[in-house]
Amino acid sequence: MAAPAAPAVAETGSEAHLEAALADVPELARLLEIDPYLKPFATDFQRRYKKFSQVLHDIGENEGGIDKFSRGYESFGIHRCSDGGIYCKEWAPGAEAVFLTGEFIDEESRAEISCKYTIITLKCGWNPFSHPYNKLEYGKWELYIPPKQNKSPLIPHGSKLKDRVVITSKSGEILYRISPWAKYVVRESSNVNYDWIHWDPEEPYKFKHSRPKKPRSLRIYECHVGISSHEGKIASYKHFTSNVLPRIKDLVLTSLGSVHLGYNCVQLMAIMEHAYYASFGYQITSFFAASSRYGTPEELKELVDTAHSMGIVVLLDVVHSHASKNSEDGLNMFDGTDSCYFHSGPRGTHDLWDSRLFIYSSWEVLRFLLSNIRWWLEEYCFDGFRFDGVTSMLYHHHGMGQGFSGDYNEYFGLQVDEDALIYLMLANHLAHTMYPDSITIAEDVSGMPALCSPTSQGGGGFDYRLAMAIPDKWIQLLKEFKDEDWNMGNIVYTLTNRRYLEKCVAYAESHDQALVGDKTLAFWLMDAEMYTNMSVLAPFTPVIDRGIQLHKMIRLITHGLGGEGYLNFMGNEFGHPEWLDFPRKGNNESYHYARRQFNLTDDDLLRYKFLNNFDRDMNRLEERCGWLSAPQAYVSEKHEGNKTITFERAGLLFIFNFHPSKSYTDYRVGTAVPGNSCESLNGHTYKIVLDSDAAEYGGHQRLDHNTDYFAEAFEHNGRPYSLLVYIPSRVALILQNVDLPN
């Protein structure tokens, strides 16, 4: 994220305009107090907030409030009525007529027929025009199908709505579509074609456990259910529930002991249905359907419920930035036009992603997307969302070919898609109003000011944004610089360059860095030697030694200095080898790289266990001392010659020696001494509480953990106290001031 640059004083910054903006936006004064550089843009916040408020007002006037408006899934799609009948509703403003067909059609309708649209030979002998919808106002259509004589529904649970919604366009074309509101679609073996399944079990899953409270420190385990097994296949919801969740929550015991990873949040990717597995879940076809690749909706609910029983919050990776171009199983051309859910013409297509772009100013699109947010919160009990592609949403240029320098003029003006921004404000308002403990995270690379400020300040309303510059910095260092040329000041700048009071989720690498075409940090560090030299029976090679030590240091400094939340992609905590690649034509549909080899870290003879142990204890220490929820760290040293970095946060003293060969005896480190956040511990004497050089982490055991480090009233690096420490090369330490007996 680029550093804020002082903007030129704009006309919008006049006193009169400022006073008007302050009067219209309830807490704008607080935002401008936090960042006075935003004063010239006060009228932009005023306009955004007024538009947001107007839409909320209109929803209240016309729909009875956002609570009711966001329950579109209760009427649209297909629903069983209390009398056993079936009620169907769609929005297809460009359609000439709408019909429903499927397995439920009776024998009398299974014949070749003539209708006013065309004469056709029916697929499977079904009459697609036997159940026409009635046209309503505003492009809506509805259909009621009476129950059978025995009062049972004509469309029972599990029925295939094989030929889907049948749309006749104004040009006379007959289109077979899946309802945008479909709750369950099952793909055929071709991986492309889908059956729309009417999911309406007599006894739906009942959640047994309440939602956990929002964690004070957010430690996210980013996951993809399908690759969660070491086997070369698509793993299931049940597999994830039984095998991955216990691994996260200290319920798995191996020969190594506990493998509790210490994460309190699971972020699930690729859950919303997508036709193409290799899209990683980012080309959505059915927004209300949980992907059938991994199992049934009830099994996903069990997964979420089980996580809640362990105190783990569950976030959904939601993709409202774009949609698949598929028409037969997606939203595209649903009513025969290109302008139903999306902008028409070139504006409706993302040139880089080859996907469709929503028209966020459309009333029914707002209903659809807000109802989608509500659906995942209500039906599946998710605890919040990571919004994908927010940068693309925020700007008409979608971030393509743009470099964000930090000049505030880049975040305001005609390049901003304020309709999309207003939608995001509404989505955050909805989530936080319905569920105050819900968590929302924005994937935004641009660093838009106030995106993570409350809507009452004119902000976007997100809780966190991803600190996307950090993983790029680590990859750049490993690819382009020798270890002795790493710039300590630049590392610190990248890790601390975030907006005041706007929370960031820091991460050393996510799924993006693991995708084919790139490599995980472990693979950048150790590459081919991971195949031959990761056994504890073999001596450390220089490559493996360097890789293991830097892998730990990179993660700890990112965790401690980089944000107010932390994220790790599953398997990377133990240095998962290789890259991530889904089965596709280019790799002969292989699953070899579409899996997570947890078996590697469970093998006592392999060094992966060392990295896993360090990740576990790093998270456990954060849980105890809470540096992620503490104020931003005070960096007292970033020494280029020595390659050392020291900082204080949450009463802990973090010390890093990145030098590839130099160790330092009696190295003076400054400290403020007071301020320990661990309530039972205080004092002026320090002890080691985490040491990357310890034996259990694959280190060289150069430090005595019984050593006491005494802080003396000797000013150093602007700190009133200091202490002398031995810091070996390529080692990270955390010291904590503790009580000592008299």
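Values in this document were obtained by computation on a predicted structure and should not be read as measured data.

Peer 1: What am I meant to see in the overall build of the protein chain here?
Peer 2: Counting its regular elements, the protein chain contains 16 helices and 33 strands. Among the 742 residues that make up the protein chain, the fraction classed as buried is 61%. Pairs at least 24 residues apart make up 72% of the contacts formed inside the protein chain by residues separated by at least 6 positions. Per element, the accessible surface of the protein chain, about 27,800 Å² overall, is 50% carbon and sulfur.

Peer 1: I tried to follow the layout of surface pockets on my own but got confused; where do I start?
Peer 2: One water molecule sets the probe size; rolling that probe over the atoms shows where empty space is left. Space inside the largest pocket adds up to approximately 830 Å³. Residue lining of the largest pocket: 32 residues in total, with Tyr282, Trp353, Glu443, Asp512 and Leu515 positioned closest to the centre. Within the residue set of the lining of the largest pocket, elements represented by two or more residues are helix 8 (390-394), helix 10 (469-480) and helix 12 (511-514). Across the lining of the largest pocket, the residue classes break down as 15 nonpolar, eleven polar and six charged. Within this model, the second largest pocket holds a volume of roughly 450 Å³. At the level of elements, strand 1 (77-80) and helix 6 (297-309) are the ones that each hand at least two residues to the lining of the second largest pocket. No other element matches strand 1, which puts four residues into the lining of the second largest pocket. Partitioned by chemical class, the residues of the lining of the second largest pocket number 14 nonpolar, three polar and eight charged.

Peer 1: Please clarify how the nonpolar core should be interpreted in this entry.
Peer 2: Where a protein is soluble and globular, its nonpolar side chains tend to be buried together. By size, the foremost hydrophobic cluster in this structure holds 164 residues, and its most contacted members are Leu268, Trp376, Tyr423 and Trp474. When residues of this core are assigned to their parent elements, the largest contribution, ten residues, is made by helix 9 (residues 418-434). If we skip the residues at most four places from it in the chain, Tyr423 touches His320, Tyr360, Leu366, Leu369, Leu370, Ile373, Phe387 and Met393.

Peer 1: What should I look at first to understand the sheet that holds strand 8 (residues 165-169) in this one?
Peer 2: The strands making up a sheet associate through backbone hydrogen bonding, with each pair oriented either parallel or antiparallel. The strand order across the open sheet formed by three strands is 3-8-9, and the pairing between neighbours is antiparallel. Either end of the sheet is taken by a strand with one partner, and the two such strands are strand 3 (95-100) and strand 9 (174-177). Between one strand and the next, the sheet's axes are offset by a mean angle of 25°, whatever the strand orientation. Pairing analysis gives four bridges linking strand 8 to strand 9, with the strands arranged antiparallel. Counterpart to Thr168 in the pairing with strand 9 is Ile174.

Peer 1: Is there a simple way to think about the pairing of strand 18 (residues 313-318) in this case?
Peer 2: Successive residues of a regular strand alternate their side chains across the two faces of the sheet. Counting buried positions along strand 18 gives six out of six residues, so the element sits mostly inside the fold. In strand 18, alternate side chains face the same way, and those of Val313, Leu315 and Asp317 on one face and Val314, Leu316 and Val318 on the other are all buried. With four bridges connecting them, strand 15 (residues 265-269) and strand 18 associate as parallel partners. Its bridge partner lying in strand 18, Cys265 is registered against Val313. Relative to strand 21 (residues 384-387), strand 18 runs parallel, the two sharing three bridges. What sits directly across from Val318, in strand 21, is Phe387.

Peer 1: I would appreciate a short explanation of the pattern of salt bridges in the present structure.
Peer 2: In a structure, side chains of opposite charge can pair up when their charged atoms sit close to one another. Evaluated as defined, the whole model comprises 47 salt bridges. Here Arg386 ties to Asp317 by a salt bridge, and the two come within 2.9 Å at their closest N and O atoms. With Arg386 in strand 21 and Asp317 in strand 18, this residue pair connects regions lying 69 residues apart in the sequence. For the pair Arg386 and Asp317, a shared accessibility class is recorded, and that class is buried. For Asp708, the salt bridge is made with Lys687, and the minimal N-O distance between the two is 2.7 Å. Of this pair, Asp708 sits in the loop between strand 30 (685-691) and strand 31 (709-710) while Lys687 sits in strand 30; the two residues are 21 residues apart in sequence, bridging distant segments of the chain.

Peer 1: Mind showing me how you'd approach unusual backbone geometry here?
Peer 2: It is generally the case that most residues other than glycine have a negative phi and that most peptide bonds are trans. Positive phi is not limited to glycine here, since Asp354 has a value of about 55°. Judged by its relative accessible area of 46%, Asp354 falls in the partly exposed class. At Glu589, a residue that is not glycine, the phi angle is positive and equals roughly 55°. Secondary-structure assignment places Glu589 in the loop between strand 25 (565-569) and helix 15 (598-601).

Peer 1: I tried to follow the side chain of Asp417 on my own but got confused; where do I start?
Peer 2: Turning to its location among the elements, Asp417 is positioned in the loop between helix 8 and helix 9. A polar side-chain atom of Asp417 sits 3.2 Å from the main-chain amide nitrogen of Asp419. Among residues more than four places away in sequence, those in contact with Asp417 are Arg347, Met393, Leu394, Tyr395 and His396.

Peer 1: What is the right way to read the packing of aromatic side chains from this model?
Peer 2: Each aromatic ring pair is summarised here by two numbers: the centre-to-centre distance and the angle between the ring planes. Tallying each qualifying case throughout the model produces 47 aromatic pairs. Centre to centre, the rings of Tyr237 and Tyr294 are 5.4 Å apart; their planes meet at 80°, and the pair counts as edge-to-face. Within this pair, whereas Tyr237 is found in helix 5 (residues 237-248), its partner Tyr294 is found in the loop between strand 17 (284-290) and helix 6, the two being separated by 57 residues in sequence. Classification of Tyr237 as buried rests on a relative accessible area of 0%. Ring plane angle 50° and centroid distance 5.2 Å describe the contact between Tyr664 and Tyr667, whose orientation is recorded as tilted. Across the pair, Tyr667 and Tyr664 agree in class, each one buried. Sitting above the plane of the Phe76 ring, Lys89 keeps its charged end 4.6 Å from the centroid.

Peer 1: How should empty space enclosed by the protein be read in this particular structure?
Peer 2: If you walk through the whole model with that rule in mind, you get four cavities of 30 Å³ or more. By volume, the largest cavity amounts to about 60 Å³. In terms of lining, the largest cavity is formed by eleven residues, of which the most central are Ala467, Ile470, Thr494, Asn497 and Arg498. Among the secondary structure elements, those contributing two or more residues to the lining of the largest cavity are helix 10 and helix 11 (488-496). In the lining of the largest cavity, the residues fall into seven nonpolar, three polar and one charged.

Peer 1: Would you explain the pairing of strand 15 in this entry?
Peer 2: Burial within strand 15 is extensive, with five of its five residues counted as buried. Residues Cys265, Gln267 and Met269 point to one face of strand 15 and Val266 and Leu268 to the other, with burial holding for every one of them. Sheet topology places strand 12 (residues 218-224) next to strand 15; five bridges connect them, and they run parallel. Residue Ile220 lies in a different strand from strand 15, and its bridge partner there is Cys265.

Quick notes on the rules
- Residues numbered from 1 in each chain as written.
- Predicted model: local features only at pLDDT ≥ 70, side-chain atom pairs only at ≥ 80, totals over all residues.
- Heavy atoms only, no water.
- Helix = DSSP H or I, 4+ residues; strand = E, 2+ residues; numbered from the N terminus.
- Buried < 20%, exposed > 50% of the residue type's maximum accessible area, 1.4 Å probe, protein only.
- Contact = heavy atoms within 4.5 Å.
- Areas by Shrake-Rupley, 256 points an atom, 1.4 Å probe, with all protein chains shown as cover.
- 1 Å grid on protein atoms, 1.4 Å probe; cavity = no way out; pocket = protein on both sides within 12 Å on 5 of 7 lines; lining within 4 Å.
- Points joined across faces, edges and corners; volume = space filled by probe spheres on them.
- Nonpolar A, V, L, I, M, F, W, Y, C, P; charged D, E, K, R; others polar.
- Core = buried A, V, L, I, M, F, W, Y, C linked by side-chain atoms within 4.5 Å.
- Pairing = 2+ DSSP bridges.
- Axes fitted to C-alpha atoms, helices over the stretch in contact; angles between N-to-C directions.
- Salt bridge = Lys/Arg side-chain N within 4 Å of Asp/Glu carboxyl O.
- Polar contact = N/O pair within 3.5 Å; in protein donor to acceptor, adjacent residues only side chain to side chain.
- Phe/Tyr/Trp six-rings, centres within 6.5 Å; stacked < 30°, edge-to-face > 60°.
- Lys NZ or Arg CZ within 6 Å of the ring centre and 35° of its normal.

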